[in-house]
Amino acid sequence: MTATINRRRFLGGAAAGVAVWGMSRVPGGAATPARRLPDPASVSETDPALMSAISAAALLHAGNLHPRELLDACIARSRAFDGEIGAWIRMYPEVAYAAADAAADRLRRAGRDGVPESPLCGLPIALKDIFAVSGLPLTASSRVLEGNIAAGDSGVWSRLRDAGAVLLGHVHTDEFAIGVATPQVGNPWNTDFSPGGSSGGSAAALAARFVPLSVGSDTGGSVRLPASACGISSIKPSFGRVTTSGMIPLTPTRDHVGVLGRSVADAALLLEVVAGEDASDPATLLGPPLAGEGFATAVRGSADPLGGVRLGVPDAAVAKLPVPLRSLFDGLLDTARTLGAEIVSVVAPAEPASMATGDMVEIGTYHRQFSDRLHLYRPERLPALAAAAAGLAVPAAEYFGLERDRLRFQYDYNRMFVDHDLDAVVYPGTFVDGARRDEFLEYTVSAGVQGDVMWANYAGAPVVSLPVGRSSATGIPFGVQIGARAWQDREVVALAVELQDALPAWRDVPPLAAAPREIPAVSVVAPGPGPDPTNTRDARAAILPAITTATGPS
């Protein structure tokens, strides 16, 4: 039998090639095949904070590492180095140590009874400061919400908590997830530079090795841009694949929860737990269920793993790259070819300019509740908020027309795949070779000033980001985006795992300078009155966008 695999068989059943460790409990009582963790003897790192999520999980499940030891290492490293980075907005040591002890008990029982635990059990997690955790502050990194206490748990945290994850703290976002700079956070590779946004704190904490996993959101590249800038991996799943219940919204018809890990495999462990249906979020009922096999976390072992796979590269996006980034991008394509992939030049469909109006309507709908606190926003946010307020005057008929524009874009996007017989598209992670912390402050995630990212949010498509190297000019990391059609989350993750295995850049660790910081430590208090878990007035969209794999009206 040839080692080369047929691409349709590869993409249709990639996870089948991953060895399983048995049926793992997940929230809601469902069971899903989980992957075998690596041999603990293969873990070479001695500092637990420097371990990948998969490596740390292997030691935790083998009983070679106590959750408290891992937590101690993450807290010590954060306190020793976060002074210049500033990723954390708050930490919750009391909550975290209680969760670590509970995780240790679960792991002991699992070892005794032979019932596998969730791979996340005992792993510290950082949450972007837009995800509610009952009784803990939730401020979206804004003075507008100073003193706000969450009234309940977000859907994401509920699933993570039930899996035994350890909440270490909330990390900074660009204010209300609106911008692309996260200026209060420094890039661990050079703190004069931005980590990107809006999930800049999520990416910086991960790159600095403060936590093995973190959660962000992506409304217009908000996990992909930081992943590229900080040299880590991320997954933006299909729209509705992960609940946004209890998450402070930006534009609800484009908001996606994003997961970040040092490697794609790490991020896939996290996605497997948070993905699934949630009665509190109708968007999670839009697509096909995730029943069955899980996400790939290991390569298949073939000598030609991408044999027959066709990857589309939008020429216009690549043409925007400066020379140092173009060199790295071309290197990624060369690697894909050596793995058997065929590279196809494509013309990507134009994104509908009208959608920006819809964005403003949705932002205005949520932020009008803070009209008496405009003076508390960052000054550079005021123009966007004024535009959002003006958007509230858009007639309802026009707003519904914008949704038709989105659907037409999805048809065009899907037709690109069909016309070129593509398995995935490959975009640069950014076309900016590093940005200073004070650059792009006035821009929102709708502006597209740092990279071609909006296509994935308008199409509702899954995208995996992975680092491919660092710029020869700035030393700042650079990554690529690998996207598929809606609901092909498993397929694109499997493809990215194969690519990343041949690209060791994700293993690089930034050389941090000692910068001690007394990070604010907070304990649980009485929950806010609600009723929304965020303790703010929810402003979910009156309609859900149509997410389709069709190429036109049926």
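Residues numbered from 1 in each chain as written. Predicted model: local features only at pLDDT ≥ 70, side-chain atom pairs only at ≥ 80, totals over all residues. Heavy atoms only, no water.

A few words now on the pattern of salt bridges. Per the counting criterion, the structure on display carries 23 salt bridges. Here Asp405 ties to Arg408 by a salt bridge, and the two come within 2.2 Å at their closest N and O atoms. One end of the pair is Asp405 and the other is Arg408, both in helix H13 (residues 396–420) and 3 residues apart, which spans about a single turn. Through salt bridges with shared partners, a single network forms among Asp174, Arg378, Glu380 and Arg381. (Salt bridge = Lys/Arg side-chain N within 4 Å of Asp/Glu carboxyl O. Helix = DSSP H or I, 4+ residues; strand = E, 2+ residues; numbered from the N terminus.)

The next subject is the packing of helix H5 (residues 155–162) against helix H8 (residues 264–274). At a minimum axis distance of 8 Å, the contact between H5 and H8 shows a crossing angle of 105°. As judged from the angle between their axes, H5 and H8 are roughly perpendicular. Packed against H5, whose contacting residues are Val156, Arg159 and Leu160, the element H8 presents Leu270, Val273 and Val274 at the interface. Its residues assigned to classes, the contact of H5 with H8 comprises 5 nonpolar, no polar and 1 charged. (Axes fitted to C-alpha atoms, helices over the stretch in contact; angles between N-to-C directions. Parallel < 35°, antiparallel > 145°, perpendicular 65-115°, else oblique. Contact = heavy atoms within 4.5 Å. Nonpolar A, V, L, I, M, F, W, Y, C, P; charged D, E, K, R; others polar.)

The predicted model of the chain has a mean per-residue pLDDT of 91, with 93% of residues at 70 or higher. When the criterion is pLDDT under 50, residues 1–34 qualifies, and its contacts beyond four places in sequence or with other chains add up to 94 contacts. (pLDDT = per-residue confidence, 0-100.)

Turning to the packing of H8 against helix H15 (residues 489–501), a few remarks are in order. Look at H8 against H15: their axes get within 9 Å of each other, and the N-to-C directions meet at 155°. Comparing the axis directions of H8 and H15 gives the class roughly antiparallel. Residues Val264, Ala265 and Ala268 of H8 pack against Val493, Ala496, Val497 and Gln500 of H15. The class makeup of the residues in the contact of H8 with H15 is 6 nonpolar, 1 polar and no charged.

This part is about the sheet that holds strand S11 (residues 424–428). The strand order across the open sheet built from 11 strands is S3-S5-S4-S6-S8-S7-S12-S13-S11-S9-S10, with neighbouring strands paired in mixed fashion. Since the sheet does not close on itself, it has two edges, and those belong to strand S3 (88–91) and strand S10 (342–346), each with one partner. Ignoring which end each strand starts from, the neighbouring axes of this sheet average 30° apart. Where strand S9 (residues 310–314) lies against S10, 5 bridges are found, and the strand directions are parallel. Across the sheet, Val313 pairs through a bridge with Ser345, a residue of S10. In the packing of helix H10 (residues 323–338) onto the sheet, contacts are made with S9, S10, S11, strand S12 (463–470) and strand S13 (477–483), and the angle to S13 comes to roughly 45°. (Pairing = 2+ DSSP bridges.)

With 149 residues, the main nonpolar core has Leu160 and Phe176 as its most contacted residues. One finds Leu206, Ala207, Val223 and Ile232 within the second-largest nonpolar core, a separate group that totals 8 residues. (Core = buried A, V, L, I, M, F, W, Y, C linked by side-chain atoms within 4.5 Å. Buried < 20%, exposed > 50% of the residue type's maximum accessible area, 1.4 Å probe, protein only.)

With that out of the way, let us pick up the environment of Gly483. Structurally, Gly483 can be placed in strand S13. Between the C-alpha atom of Gly483 and that of Asp82, which follows or precedes it by 401 residues, the distance is 33 Å.

Turning to the pairing of strand S7 (residues 233–236), a few remarks are in order. Here S7 shows no split at all, with Ser233 and Ile235 on one side and Ser234 and Lys236 on the other all buried. Of the strand pairs in this sheet, S7 and strand S8 (residues 256–261) are connected by 3 bridges, and their pairing is antiparallel. The residue bridging Ser233 from the neighbouring strand is Gly261, located in S8. Of the strand pairs in this sheet, S7 and S12 are connected by 3 bridges, and their pairing is antiparallel. Its bridge partner lying in S12, Ile235 is registered against Val464.

The full count for this structure, using the stated rule, is 6 cavities of 30 Å³ or more. When its volume is computed, the largest cavity comes out at roughly 110 Å³. Taken together, Ser194, Gly196, Leu225, Ser228, Ala229, Thr430, Val432, Gly434, Ala435, Gln450, Ile476 and Pro477 make up the lining of the largest cavity. When residues in the lining of the largest cavity are grouped by element, the largest group, 3 residues, is from helix H7 (residues 224–230). For the lining of the largest cavity, the residue count by class is 6 nonpolar, 6 polar and no charged. (1 Å grid on protein atoms, 1.4 Å probe; cavity = no way out; pocket = protein on both sides within 12 Å on 5 of 7 lines; lining within 4 Å. Points joined across faces, edges and corners; volume = space filled by probe spheres on them.)

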